[in-house]
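Secondary and tertiary structure notes
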Amino acid sequence: MSHPTNNPATEARRRIVVTGMGAVSPYGPGVDRLLAGIHGGEVALRPIAVFNVDGCRATHGASIPDLDLSGFDASSGFRRAPRASRYTMVAVDEALRAAAPDGLPWAPERVGVCLGTYRGMTEISEMIWTKLIDAEPRFVPALLFQETVTNAVASAISIRWGLRGTNYAISAGNASGYQALYLAAQMLLTDAADAVLAGTFDLFTEANHHDMDDLGMLSPSNASRPFDSRRDGFLMGEGAAVVVLETEAGARARGATILAEVAGIGLGHDAYGFATNHPEGVGLVAAMERALAAADATPAEVDYIGAAANSTPSLDRAEARAIHKVFGPGSAVPVSSLKGATGEAMAASDMFNLIASIAALNGGRLPPQAGTDRVDPDIHLNLVRQGDGPVPVAACLAHSYSYFGGSAAAVFLRIWQG
Amino acid sequence: MRVAISGMAALTPIGHGLAGFAAGLREGREGAAPIRRFDASRHRVQRAAEVDWEGPGESPWSRASEMALAVGAGALADAGLEAAELARSRTGLILASSQAGMAVDARGYGRLSHPYRQGLAGDGLAVRMLDAAPASTLDLLAIRCGASAFAFNLSTACSAGLHAIGIAREAIRRGEVDAVLVVGVEVLTEFALAGFGVLRALTIGSGPRPFDELRDGTLLGEGAAAVLVEAEERARARGATPRAEIAGYGSSTDGDHMTRPQAAGAARAMAQALSGLHPEQVDWVKAHGTGTRHNDAAEAQAIHAVFGRRAAALPLTSMKSLLGHSLGASGVVEAVGVVLALSGGFVPPTRNCERPDPALALDVVAGAARPLIAGCVLANAFGFGGNNAALVLRAA
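Below or above, wherever it landed, is the structure these notes cover. (Residues numbered from 1 in each chain as written. Chains lettered and ligands numbered in written order. Predicted model: local features only at pLDDT ≥ 70, side-chain atom pairs only at ≥ 80, totals over all residues. Heavy atoms only, no water.)

With that settled, the discussion passes to the overall build of chain A. From N to C terminus, chain A includes 13 helices and 14 strands. Radius of gyration (C-alpha) of chain A: 20 Å, near the 22 Å computed for a compact globule of 418 residues. Its C-alpha atoms give chain A principal-axis dimensions of about 65 × 55 × 40 Å. Classification of the 418 residues of chain A by burial places 66% in the buried group. For chain A, contacts bridging at least 24 residues in sequence account for 79% of all contacts bridging at least 6. Entry remark: accessible area of chain A is about 13400 Å², with carbon and sulfur atoms responsible for 49%. Measuring between centres, the 31 positive side-chain charges of chain A sit 2 Å from its 43 negative side-chain charges. (Helix = DSSP H or I, 4+ residues; strand = E, 2+ residues; numbered from the N terminus. Rg over C-alpha atoms; globule rule 2.2 N^0.38 Å. Buried < 20%, exposed > 50% of the residue type's maximum accessible area, 1.4 Å probe, protein only. Contact = heavy atoms within 4.5 Å. Areas by Shrake-Rupley, 256 points an atom, 1.4 Å probe, with all protein chains shown as cover. Lys, Arg positive; Asp, Glu negative; His and termini not counted. Charge placed at Lys NZ, Arg CZ, Asp CG, Glu CD.)

Moving on: the overall build of chain B. Each helix and strand counted, chain B has 13 helices and 16 strands in total. Relative to the compact-globule value of 21 Å for 396 residues, chain B shows a C-alpha radius of gyration of 20 Å, a close match. Dimensions of chain B, computed from the C-alpha atoms along their principal axes, are close to 65 × 50 × 40 Å. When burial is assessed residue by residue, chain B has 66% of its 396 residues classed as buried. In chain B, once contacts between residues fewer than 6 apart in sequence are set aside, the share between residues at least 24 apart is 78%. When the accessible surface of chain B is split by element, carbon and sulfur atoms take 50% of a total near 12500 Å².

Moving on, we come to the packing of aromatic side chains. Per the stated rule, a full pass over the model turns up 14 aromatic pairs over all chains. The interplanar angle of 10° and the centroid separation of 4.6 Å between the aromatic rings of A:Trp129 and B:Tyr109 together place this pair among those described as stacked. Of this pair, A:Trp129 sits in helix H4 (residues 122-134) while B:Tyr109 sits in helix H4 (residues 106-113), which puts the two residues in different chains. Here A:Trp129 matches B:Tyr109 in class, with each residue buried. With a centroid separation of 4.8 Å and 65° between ring planes, the pair formed by A:Tyr403 and A:Phe404 is classed as edge-to-face. Looking at A:Tyr403, the relative accessible area reads 1%, which means it is buried. For A:Phe404, a relative accessible area of 7% translates into the label buried. These aromatic residues form a ring-pair network of at least three members: A:Trp129, A:Phe145, B:Tyr109, B:Phe191, B:Phe196 and B:Phe384. (Phe/Tyr/Trp six-rings, centres within 6.5 Å; stacked < 30°, edge-to-face > 60°.)

As a further point, take unusual backbone geometry. The linkage connecting B:Gly207 with the following residue, B:Pro208, adopts the cis geometry, with an omega of 10°. In this model, A:Asp296 sits at a positive phi of 55°, which is unusual for a non-glycine residue. Of note, A:Asp296 is situated in the loop between helix H10 (282-294) and strand E10 (304-306). Of note, B:Arg200 is a non-glycine position whose phi angle comes to about 55°, a positive value.

The subject of this paragraph is empty space enclosed by the protein. Summed over all chains, the structure comprises seven cavities of 30 Å³ or more. The calculated volume of the largest cavity comes to roughly 70 Å³. As for the largest cavity, its lining consists of 14 residues, of which A:Tyr118, A:Phe404, A:Gly405, B:Ala135 and B:Asp139 are closest to the centre. Of all the elements, helix H6 (residues 134-145) of chain B adds the most residues to the lining of the largest cavity, at three residues. For the lining of the largest cavity, the per-class residue count stands at seven nonpolar, six polar and one charged. (1 Å grid on protein atoms, 1.4 Å probe; cavity = no way out; pocket = protein on both sides within 12 Å on 5 of 7 lines; lining within 4 Å. Points joined across faces, edges and corners; volume = space filled by probe spheres on them. Nonpolar A, V, L, I, M, F, W, Y, C, P; charged D, E, K, R; others polar.)

Right, let's talk about the interface of chain A and chain B for a bit. Taken together, the contacts link 64 residues of chain A with 67 residues of chain B. Between chain A and chain B the total buried area reaches about 5500 Å² when both faces are included, carbon and sulfur atoms providing 64% of it. Interface area lost by chain A to chain B is led by A:Trp129, A:Phe145 and A:Phe274, which between them contribute 15%. Our count for the contact surface shared by chain A and chain B stands at 22 residue pairs in polar contact (both at pLDDT 80 or more). Listing elements by their share of the side of chain A that touches chain B, those giving two or more residues are H4, helix H5 (142-145), helix H6 (152-161), strand E6 (167-170), helix H7 (176-189), helix H8 (206-214) and strand E9 (260-269) of chain A. Sort the elements by how many residues they give to the side of chain A that touches chain B and H4(A) lands first, with seven residues. Looking at the side of chain A that touches chain B, its residues break down into 31 nonpolar, 24 polar and nine charged. (Buried area = accessible area lost by both parts, 1.4 Å probe. Polar contact = N/O pair within 3.5 Å; in protein donor to acceptor, adjacent residues only side chain to side chain.)

Before going further, it helps to spend a moment on the side chain of A:Asn208. Residues and elements named next belong to chain A. In this structure, Asn208 sits in helix H8. Look at Asn208 and you get buried, because its relative accessible area is 0%. Polar side-chain contacts of Asn208 include one of 2.7 Å to the side chain of Arg119. Among all residues touching Asn208, those that are not within four sequence positions of it are Arg119, Thr122, Leu203, Met236 and Met346.

For the pair H7(A) and helix H7 (residues 160-173) of chain B, the least separation of the axes is 11 Å and the interaxial angle reads 65°. On the basis of their axis angle, the class for H7(A) and H7(B) is roughly perpendicular. Handedness of the H7(A)/H7(B) crossing: left-handed. Seen from H7(A), the contacting residues are A:Tyr182, A:Leu183 and A:Gln186; seen from H7(B), they are B:Ile167, B:Glu170 and B:Ala171. For the contact of H7(A) with H7(B), the per-class residue count stands at four nonpolar, one polar and one charged. (Axes fitted to C-alpha atoms, helices over the stretch in contact; angles between N-to-C directions. Parallel < 35°, antiparallel > 145°, perpendicular 65-115°, else oblique. Left-handed = near helix turned anticlockwise from the far one by under 90°.)

The next point concerns the environment of B:Ala79. Residues and elements named next belong to chain B. By the secondary structure assignment, Ala79 is in the loop between helix H2 (63-78) and helix H3 (83-88). A relative accessible area of 2% means that Ala79 is categorised as buried. Spatially, the C-alpha atom of Ala79 lies 19 Å from that of Arg173, the residues being 94 residues apart in sequence. Among all residues touching Ala79, those that are not within four sequence positions of it are Ser6, Gly7, Leu228, Arg238 and Ala240.

As far as function goes, none of this settles anything; it's purely spatial.
Following this line, the structure appears as structure tokens:
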């Protein structure tokens, strides 16, 4: 997000850095578990046991296991909070502990919260509709209704941690996560905040699964295999993940450990057709080019691409075309998509992808491409294989791309060499 | 850099098109009527301010999406932007909505969104089911309007509209885009009627009567509006007339309670929007003014905190007394109303405020419109979750 200047102090105010991360994934709570799962190529997709899948072609998905939250908090409304709020609060707790182990160093008015979700609120609105269908309007629980607004999760976080900066909530498809990151960066760059919690959540629910299955989006062969020639749809996942963003100047001033620089965020949109990706991935191409331009970087600097491919024929092809367009058709840049292991966690996948990329910058382990064994000959990408050794990674490009077409985003991350 | 609104369009319960909306505001027209869109007989409250607009007959899309498309195209036309020009420029898109294309009533939800419940499935259902998500209204807008620099929506409840305009202003000021089309849309749903009903937030009488002693709740409304936001200089350079300047933006969160607004949070957003200006420059406050006991009291307290002794003499209007509360869209709809009032030189009246609450000590414009001589307006929007947003609009 920085444009080079001659003034180091100005530059430091314009650089956006990550100082903390937190996640709740199908592997359980914690960034460590998420990374262990994806680095080990452990596929979290299982036969669905939590709801009825009668009549569905796809019967597998990746659910968050029951969390042991006994140590987390018993005093507040935490236990009664909806799943989306609980998962996201657990992720925030981890991210804040990492960023500021000794307590929040910022004035509460100077901490913002930006969250994105695609369909994360439908679990609660579904309950209300059920009351309206099966019972009477007066039986709708009032405390449930207030949880249906998309910003309810951000509010729960603000209330719990006493944060009073701006809250933004986005619900615009899969790229909502990086759109939230974009708004978080904007808040820092306009000096509207000293720190912003930027994150995502999305839930694997009965309604989501049935809806996607009815639409023919899910894999009837119950396999998530991004970029594979036999890919036939995605499988659903879920999760919540949060990062703490600050300016370099702010992070340095308080002696924080910087994990990576968010050097450029590019947004785009196919603006092409309803519920379909542009065959050449024009929205993603624009997002990638904007992220690189904002970072003042070239494709040659990119050591790894965290792809958005989710095993959908059209999405994966469009993303491959976009990579070819920006990196050249013969590019050997390593690529992988986490969704072979985690399933399509919608907006939550954005932040899983970001976290995996940041981990790659801090140790060189690239996520292997799980689920894929016959790479589509039409794809021509250098997919990361299990067993590939660590490589030096100085910069990554993390993608997000809606499987119904439309929104696209890319984030250029640079290693921190403070 | 001065950022302006250079194009607008609106569909409201008190008038369509800019001229119709302006006339409705000036006259203080009543938007409230018995609900017609669905059978509300099961509900405690059976009134709302609906928009009398059907849209194209054979559309596969939700009425919300069609309303959004209509005002989006309208604002671009009003700004004098041709498709070719749009394709050449970097235009972003922000949608402000809480419910977008969500089903209108329980029957519709049961039929469309849950075919699996009834063993139903079918081609037409799939598209409608998809259009229930806000992302779909956004995608349709991006496709129709050709806006592709970025496209996302703000779903920050009732503060979404002003958040969206504020974010658009920042993106222009930072040079990231040439223009941003901000679209707000909300239609009446049984979902919202039930939800606000059980929260006891709706007027059960003939209200809403914002800032009145006897105020007893808000009234749900529908609405769609769009504004094109761009640098004032760019608008002039391409021969367009800036309609108003967006002179300030502020936002904050209470961090206190989901549904009980706090004056301190609202005051911070208002003060932030006014930074760089003198509070004395403000000629009129377009209040959030929902007509609930808590909102109006907290907003009044915040206005006193920001304006000090001047607060009691500062003209103030609640447009929700005319339009009802169109939730996520209300910020955009009412911002268009403010710009119309600025160019028409009037302060619209607040309806039903017959006995202004003396405890609030505000100069509520009631009965008839007043002349607006100068032109600097503070517009507020607050929402569930303790979200606050404020915008300063000034005659261009």
